[in-house]
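# Analysis of the macromolecular model
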Amino acid sequence: MRESGGRGQGPGRGAGGAGSQGGPGAARRTPGGPGRSGRQGGSARSDGSGRPASPENPPRRPSERLDPFELPFGHDDDRGRPPRDPSEEPRGRNGSRGRSPQEPPEEPRGRNGSARGRPPQDPAGEGRAGSSRGRSREEPRSRPGDEPARPRRHPRDDDERPRGRSASQGRDESVRGRSAAGRDDEPLRRRGPARDDDAAPRGRGEPPRGRGPLGPGDRPRGRPAQGHDDRARGRDDGSPRRTQAGSSRAQAVSRQDAARERAPGRRGADVPPPRRPGGRPPTPPRPPRPPLMLRLGSPRRRINIGLIGMTFILSIFAGRLIQMQGLDSKVYEAAAVGQRQHIELIPAKRGSITDVNGHELAVTVEAREVSIDPTKVPAQVRQQVARSLATQLGKTEQEMAEKLARTHTRYQLLARDVDPVVATRLVQAGIPSLATKRTYRRLYPAGDLAGSLIGFVGDEGTGLGGMEQAKNSLLAGRDGKQRVETGRDGQRIPMTSSQRTAPVDGKDVRLTIDRDIQWAAQKSIDEQVRASNADSGTVIVMDVQTAQIVAMANAPELDLNNWRKADESSYINKAAADVFEPGSTNKVITAAAALEAGAVTPDTVYRVPDRIRCADQVLHDAHTHKVESMTFRQAVAESSNVATVMAAREIGSARLYQMLKAFGFGTRPGGGVPNAEAGLLPDYRKWSGSQNCTVAYGQGVSVTALQMASVYQTIANGGVKVEPQIVAGTTDASGRFVPAPAGKQTRVVSETTAKEVTTMLESAVGAEGTGQLAAIPGYRVAGKTGTANRYDAELGRYDGYTASFAGFAPADKPRLVVLSVVQNPKKGHFGGELAAPVFKDVMTFAIKSKKIPPTGSVAPPVRARADQ
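So, a few notes on the structure that sits alongside this text.

Cut-offs applied
Think of each chain on its own: its residues are numbered from 1, step by step along the sequence as written. Where local features are concerned, this predicted model is filtered to residues with pLDDT of at least 70; where side-chain atom pairs are given and counted, the filter is 80 or more; whole-chain, interface and lining totals use all residues. Only heavy atoms go into the side-chain values, all of them from the structure, while hydrogens and water stay out. Secondary structure elements are taken from DSSP: a helix is a run of H or I of four residues or more, a strand is a run of E of two residues or more, and numbering for both begins at the N terminus. Each residue's exposure class comes from its accessible area (1.4 Å probe, protein chains only) as a fraction of the maximum for that residue type: buried when under 20%, exposed when over 50%, partly exposed otherwise. In this description, contact between two residues means that some pair of their heavy atoms is separated by no more than 4.5 Å. Accessible surface is estimated by sampling points in the Shrake-Rupley manner with a 1.4 Å probe; for residues, cover comes only from the protein chains shown. At least two DSSP bridges between two strands are needed for those strands to be called paired. What the arc measures is the spread of directions leading from the helix axis to the C-beta atoms. When the sulfur atoms of two cysteines come within 2.5 Å, that pair is taken as a disulfide. In this text, buried Ala, Val, Leu, Ile, Met, Phe, Trp, Tyr and Cys residues form a nonpolar core when linked through side-chain atoms within 4.5 Å. Stacked, tilted and edge-to-face are the three classes applied to pairs of Phe, Tyr and Trp rings, where Trp contributes its six-membered ring and a pair requires centres within 6.5 Å; stacked means planes under 30 degrees apart, edge-to-face means over 60, and tilted covers the rest. Lysine NZ or arginine CZ positioned within 6 Å of the ring centre and within 35 degrees of the ring normal marks a charge as sitting over the ring. Convention adopted: a line fitted to C-alpha atoms gives each axis, helices being fitted over their contacting stretch, and angles between N-to-C directions are expressed from 0 to 180 degrees. Expected helix span is given by 1.5 Å per residue-to-residue step, counting one fewer step than there are residues.

## Things to note about the overall build of the protein
Looking only at helices and strands, the protein features 21 helices and 23 strands. Here the protein, with 868 residues, has 48% of them falling under the buried criterion. Put simply, 75% of the contacts in the protein that link residues at least 6 apart link residues at least 24 apart. Here the protein has roughly 42500 Å² of accessible surface; of this, 51% comes from carbon and sulfur atoms.

What follows is the structure, encoded as structure tokens:
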């Protein structure tokens, strides 16, 4: 063991064992010896011969070193460590105390304490001094003639090894040194890693902190007893026999102490650490942080708290489970059934509308409803999908692109009433998220034929006009229902119960309309409206005996296949809903009332001027003439307003009013004609002074074309009024035809009166009458022209004219009644000029279509003029 407190100035050790300048032996340096002053921070393991133990510097007791493998969280530096001496000076970063910055660093030394490349010199062993630490380790000395041993390098023995030992380290070693005495009695233990309060590594040979000087019977832990081979262990027992080989063995034993010596010294000194020659001072490693120790509570308390928490939570779950499965089970069961079960409507097939011969005017066919989920269509293909949809569905590309861009919804209807072939083609095209639904669509094979009379069906399958609306309950039938169970995405769950109510298809409605005659009437009135530049026109063809409407045409007519694009005014069936003043066609009612009352006869002669005063008004004939004598038949034939007023005064306003009511004025005609209006017939007690006269020739009352046609049907039928009929019957699912009940019949005038009026009307179509353009060669035709001022409701005054003609043929055996009306013509305005030709065209086609032969009779001679 080394007994000196430091190293001398020379290559060997000081003779007197004087410590180095910063070591514990510096205070009592013994003169003599060629030794040089030791460098600071020396780490010689000695108590310093110049600093013996004293009351001020008591020897430290060795403490028990804990095995690091026995601690779960590392070493506890405070265990077994005596309190630090307060008088002890703070150490610098390199562990030295008094080394000045100007002192040059000591040359590197080997493991044997000598400078590198120099053999250690210790003449006569004078460099060692006695030590109270007992069994301190001594650096090997070389003898003369011995070759210096090459120090062994530790795996971590690199350039950051300390270059020397400071005096403070030497002092620490002298204070903390171990005593050699009693080492054999201490059991061998594994040497743990060096620990320090500041986590700074110690110099070579420095015992771990917390251990005092070794006692007489102590020996370092982990070292063999003295009886073992010192050479094999590399142990320094302090004997004077030292060889170079022994020095090498000592170095092998003290590798761990050499590792501590290479570590930097303690902090706290003002002197900077020694620098390498020509290099930067090594950066001391950061002391390891003590491990965080998680102070856990009592395990039993934690377990109890956890059990209480789990019990509370489980009790909540159990209570909720009891409520759901026990108390409210029926409620949740009903809610689940409501979510799972759905009612699907099975649409019933709508009945067809046919003409009197069974030709389809409106039919229902199978179709598809095409929809898409815009969220499933990728943005990069939307334009291409929109183009494909627009091409197949007949829509615009912009419309389809707008619907595909509505990604906020998962359902977007693309088109209704799509042909199944087109829908199948779209599905096969692979368009993402495209869906089709089986529906029905309404087709109108005849296009605009009787369009406003038939009407149309809306998107919901409900009739919105004409017969589609009037007979919707018969046509629509009754939808079926199917209760099914579906999954989350709407797919049907197989093998589940289902309830199905079969749909009841609608009945077919057969109209009294003849498709061919309807086409002829519609064509003729449309041409006349265009030719006269009129606002509109109407033609009605009626069967005399049954009052069934054979044709009901309007111009312009509604195209049922494009009803969405048509003007709303064309939705109205003007033949039954448009109200107008009849004009001279109303004179047959005045004539029938006068003849029925017996006030006049057809041969009654009147002195007729061209004007007559009625209250505050002066009424005129259609053309000026001198006062002339004319029979009542002639007055009707020539349509004299003045003569008609004279005949009306014979019967009075009350009788005339009653006759107008009997012919159907002021009441809605029956027979199921859609949108039929009642017209306007004020009470005679409310008639003005002039109205008592104007009503006689058809001004001051309002009727519809259907009402006026019914008047002539009554006259042609021998005075018996039959309620007009538009529905011939219905057809059930088996195809069995069920005829509609016949219209109500009412006698209005006697048959004699009817025949007398007929002869008067036949004269009106003759050579002397105003309706010459209505005559049909080979047939006896009876009819009357009408020209009336037209009241414009929008203007609030009379504006324009209404030209009309009503008649029947054959006159001696009537079969058909035809009424033609032209509203507000701009080219001409007389009924005989505009409406009579339409009557002729339609009647001619109708009697040919019905195969009505002429009677071959000749009209009986009558007194047409007063002078005859």
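## Comments concerning the pairing of strand S12 (residues 605-608)
Only one face of S12 is covered, namely the face carrying Tyr606 and Val608; the face carrying Val605 and Arg607 is uncovered. Bridging between S12 and strand S15 (residues 628-631) involves four bridges; their strand directions are antiparallel. Within S15, the residue paired with Val608 across the bridge is Glu628.

## A short note on the environment of His620
Along the chain, His620 falls in strand S14 (residues 617-620). Each C-alpha atom, one on His620 and one on Val642, is 6.9 Å from the other, the two residues being 22 residues apart in sequence. Setting aside anything within four residues of it in sequence, one finds His620 in contact with Asp610, Arg611 and Asn641.

## Quick notes on helix H8 (residues 397-404)
Along H8, the residues classified as buried are Met400, Lys403 and Leu404. Buried residues along H8 cover an arc of 100° about the axis, so they all sit on one side. Of the surrounding elements, those touching the buried residues of H8 are strand S3 (360-372), helix H7 (382-393) and strand S4 (412-418).

## Some words on the state of the cysteines
All told, the structure shown has one disulfide when counted by the stated rule. A sulfur-sulfur separation of 1.8 Å characterises the disulfide bridge that pairs Cys614 with Cys693. Here Cys614 and Cys693 share a disulfide; its torsion about the S-S bond, 80°, makes the bridge right-handed. Placement of the pair is Cys614 in strand S13 (residues 611-614) and Cys693 in helix H18 (residues 691-694), with a sequence separation of 79 residues.

## Quick notes on the side chain of Thr512
For Thr512, the position within the fold is in the loop between strand S8 (508-511) and helix H13 (515-532). Here Thr512 falls in the buried class, since its relative accessible area comes to 3%. Setting aside residues up to four positions removed in sequence, Thr512 forms contacts with Val356, Gln548, Ile549, Val550, Gln725, Ile726, Val727 and Ala728.

## Some points on the nonpolar core
Within the largest apolar cluster, 91 residues are counted, with the highest numbers of intra-cluster contacts made by Ile549, Phe663, Phe665, Leu706 and Tyr712. Here this core gets eleven residues from one element, more than from any other, and that element is helix H17 (residues 641-662). Core analysis: the next-biggest nonpolar cluster, separate from the first, contains 30 residues, Ala553, Phe805, Val818 and Met843 among them.

## Looking at the packing of aromatic side chains
Enumeration over the complete set of coordinates arrives at eight aromatic pairs. With a centroid separation of 4.8 Å and an interplanar angle of 55°, the aromatic rings of Phe805 and Phe839 are classed as tilted. One end of the pair, Phe805, is in strand S22 (residues 797-809); the other, Phe839, is in helix H21 (residues 831-849), and 34 residues separate them in sequence. Phe839 sits in the buried class, given a relative accessible area of 0%. Among the aromatic residues, those joined into a cluster by ring pairs are Phe456, Trp563 and Tyr571. Against the face of Phe737 rests Arg510, its NZ or CZ located 4.1 Å from the ring centre.

## Remarks on the sheet that holds strand S10 (residues 549-555)
With antiparallel pairing, the five strands of this open sheet are ordered in space as S10-S9-S23-S22-S21. Looking at the sheet topology across the chains shown, the edges are occupied by S10 and strand S21 (782-792). Strand-to-strand twist across the sheet, computed as the mean angle between neighbouring axes with direction ignored, equals 10°. Across eight bridges, strand S9 (residues 536-543) lies against strand S23 (residues 816-823) in antiparallel orientation.

## Considering the environment of Arg865
Its location among the elements puts Arg865 in the segment after H21. Expressed as a C-alpha distance, the spacing of Arg865 and Thr631, which sit 234 residues apart in the sequence, is 5.9 Å.

## Section: H21
Across its 19 residues, H21 extends 26 Å between first and last C-alpha, which sits within 8% of the 27 Å expected from 1.5 Å per residue. Among the residues making up H21, those that are buried are Gly831, Gly832, Leu834, Ala835, Ala836, Val838, Phe839, Val842, Met843, Ala846 and Ile847. Check the buried side of H21 and you find it contacts H13, S9, S21, S22 and S23. Two residues or fewer after H21 comes Lys851, characterised by a positive phi angle close to 60°.

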